[in-house]
Amino acid sequence: MNRNKLYWILQILGWLSFGLINLFFVSLERGLSAVQIGAFLSLAGFYLVSTHSLRYVIKKYGWLNRNFTQLITNTLFALAILSVLNTSAQILINLVFDTLNPDQDFRLVVISVNIFVSFLFYSLWAMLYFLIHFLDNYNQSLKYQAKINEIQLNHLKSQLNPHFIFNALNSVRALVDEDPKKAKLAITQLSNILRFSLMMDKKRTIEFENEINTVKDYLNLETIRFEERIRVFYDIDPVAYEYKIPPMMLQTIVENAIKHGISNRVKGGTIEIKCYEGLTDDLYIQVKNSGQLQFPSQTKKKEREGHGIDNTIQRLKLIYGNRASFKIFNSGSDFVITEIKIPKQTLTLG
């Protein structure tokens, strides 16, 4: 079930139950009236609106991204304010339903008790909200760890496969006698890629700079193999270096572009990597390569693309939820564009 939908179901059912339970105990003492029903349901409605407002503030100002001390301090301060507002709302509700007793309701001890009781209800709501959030994050983390292990195995088997290593080593061997200095550099680049891939399960996201450097090493090696058949262009907005992205994600897309695009063309082609920031603080990564995207049956598609594209989509879903996106489409008759959108913040909350 969608987390936002689940939130509203729990929110409405919870505060509606609060109102009905209060009405039940009131009915045991002195029966029910339309005024009492209206007053208690109005109070339940205020609790619903006020707690939802607190949730909005928590999400908007990123309280869950702060340290524990800041989170507790902010929460206690907010709960105190809501408790005072709730007590004021109770007075207004009694005034509207003509049940206000000034001599009783404005006594300091009554107001203090109402504030304290309101604070307890808000505290219970906050504890449940944070508990659900942290349990959900923990569950997502477990899913991510399981998936990243699978991705690592698939990557080592199908992305950095023996065929790629064989081609890279052949390219280096051809340079040993012809250009020893260049061959030494190529070996260093291959070593960087292998080391990076073996460490990809250590972190959930990495600095964009680390990822793009690995991609450049990979493309330099492929340039040795394809020579004049491949041309590479970069258009990287400096703000992209402020982002973090899943490790080996861009590398996988670039390798897919070469494997299914450039290598299938007699004259080769071009690869253009473009990264820029969108209007809503999202990072857009585009890989444009020569070729045409075919739309065969789902079975053949999986055989053709291996695990790379599917794993990229699943990783984006696990890390960012619905805030990230993946697209791949033909651009005219000569190019294929793969586009990924990544949000700047990584924590999500339903």
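Summary of the structure given here.

So, how was this worked out
Residues numbered from 1 in each chain as written. Predicted model: local features only at pLDDT ≥ 70, side-chain atom pairs only at ≥ 80, totals over all residues. Heavy atoms only, no water. Patch = residues over 30% accessible without salt bridge, like charges linked within 9 Å, V, L, I, M, F, W, Y side chains within 5 Å. Areas by Shrake-Rupley, 256 points an atom, 1.4 Å probe, with all protein chains shown as cover. Salt bridge = Lys/Arg side-chain N within 4 Å of Asp/Glu carboxyl O. Lys, Arg positive; Asp, Glu negative; His and termini not counted. Charge placed at Lys NZ, Arg CZ, Asp CG, Glu CD. Helix = DSSP H or I, 4+ residues; strand = E, 2+ residues; numbered from the N terminus. Pairing = 2+ DSSP bridges. Core = buried A, V, L, I, M, F, W, Y, C linked by side-chain atoms within 4.5 Å. Buried < 20%, exposed > 50% of the residue type's maximum accessible area, 1.4 Å probe, protein only. Contact = heavy atoms within 4.5 Å. Phe/Tyr/Trp six-rings, centres within 6.5 Å; stacked < 30°, edge-to-face > 60°. Lys NZ or Arg CZ within 6 Å of the ring centre and 35° of its normal.

1. Here's the deal with a negative patch on the surface
A surface patch of like charges, here negative, comprises D177, E178, E227 and E228. By secondary structure assignment, the location of E227 is in the loop between α8 (208-226) and β2 (230-236).

2. Some words on the pairing of strand β4 (residues 269-277)
Summarising the sheet, β2 and β4 pair through seven bridges and their orientation is parallel. Of the residues in β4, the one forming a bridge with F233 is E272. Here β4 pairs with strand β5 (residues 282-290) via seven bridges, running antiparallel. Bridge pairing in β5 places K274 opposite Q286. Adjacent in sequence and paired antiparallel, β4 and β5 are bridged by four residues, among which D281 carries a positive phi angle near 60°.

3. A short note on the nonpolar core
Side chains of nonpolar character tend, in soluble globular proteins, to be buried together. Core analysis: the biggest nonpolar cluster contains 41 residues, and F208, I271, I273 and I285 have the highest contact counts within it. Of the residues forming this core, the biggest block, eight residues, is contributed by α8. Not counting chain neighbours up to four residues away, the residues in contact with I271 comprise L219, I230, R231, V232, F233, V254, A257, I258, I262, V287, K288 and N289. Residues Y47, L71, I93 and A126 belong to the second largest nonpolar core, which totals 21 residues.

4. Notes on the pattern of salt bridges
Under the definition given, this model contains two salt bridges. Between E207 and K244 there is a salt bridge, with the nearest N and O atoms lying 4.0 Å from each other. Residue E207 is located in strand β1 (residues 206-207), and its partner K244 is located in strand β3 (residues 244-245); the two are separated by 37 residues in the primary sequence. Residue classification places E207 among the partly exposed residues on the basis of a relative accessible area of 34%. For K344, the salt bridge identified is with E242, shortest N-O distance 3.2 Å.

5. What to know about the packing of aromatic side chains
As enumerated under the stated definition, the model contains 12 aromatic pairs in all. Between Y7 and W8, the aromatic rings sit 5.3 Å apart at their centres with planes inclined by 70°, giving edge-to-face as the arrangement. Relative accessible area serves as the criterion here: at 30%, W8 is assigned to the partly exposed category. Measuring from ring centre to ring centre gives 5.1 Å for Y47 and Y122, while their planes differ by 50°; the resulting arrangement is tilted. Residue Y47 is located in helix α2 (residues 34-60), and its partner Y122 is located in helix α5 (residues 108-159); the two are separated by 75 residues in the primary sequence. Accessibility expressed as a relative area gives 0% for Y122, which makes it buried. Taken together, W15, F18, Y47, F121 and Y122 form an aromatic cluster joined through their ring pairs. Directly above the ring of Y234 sits K216, whose terminal nitrogen or CZ lies 5.2 Å from the centroid. When the ring centre of F335 is taken as reference, the NZ or CZ atom of K288 above it lies at 4.7 Å.

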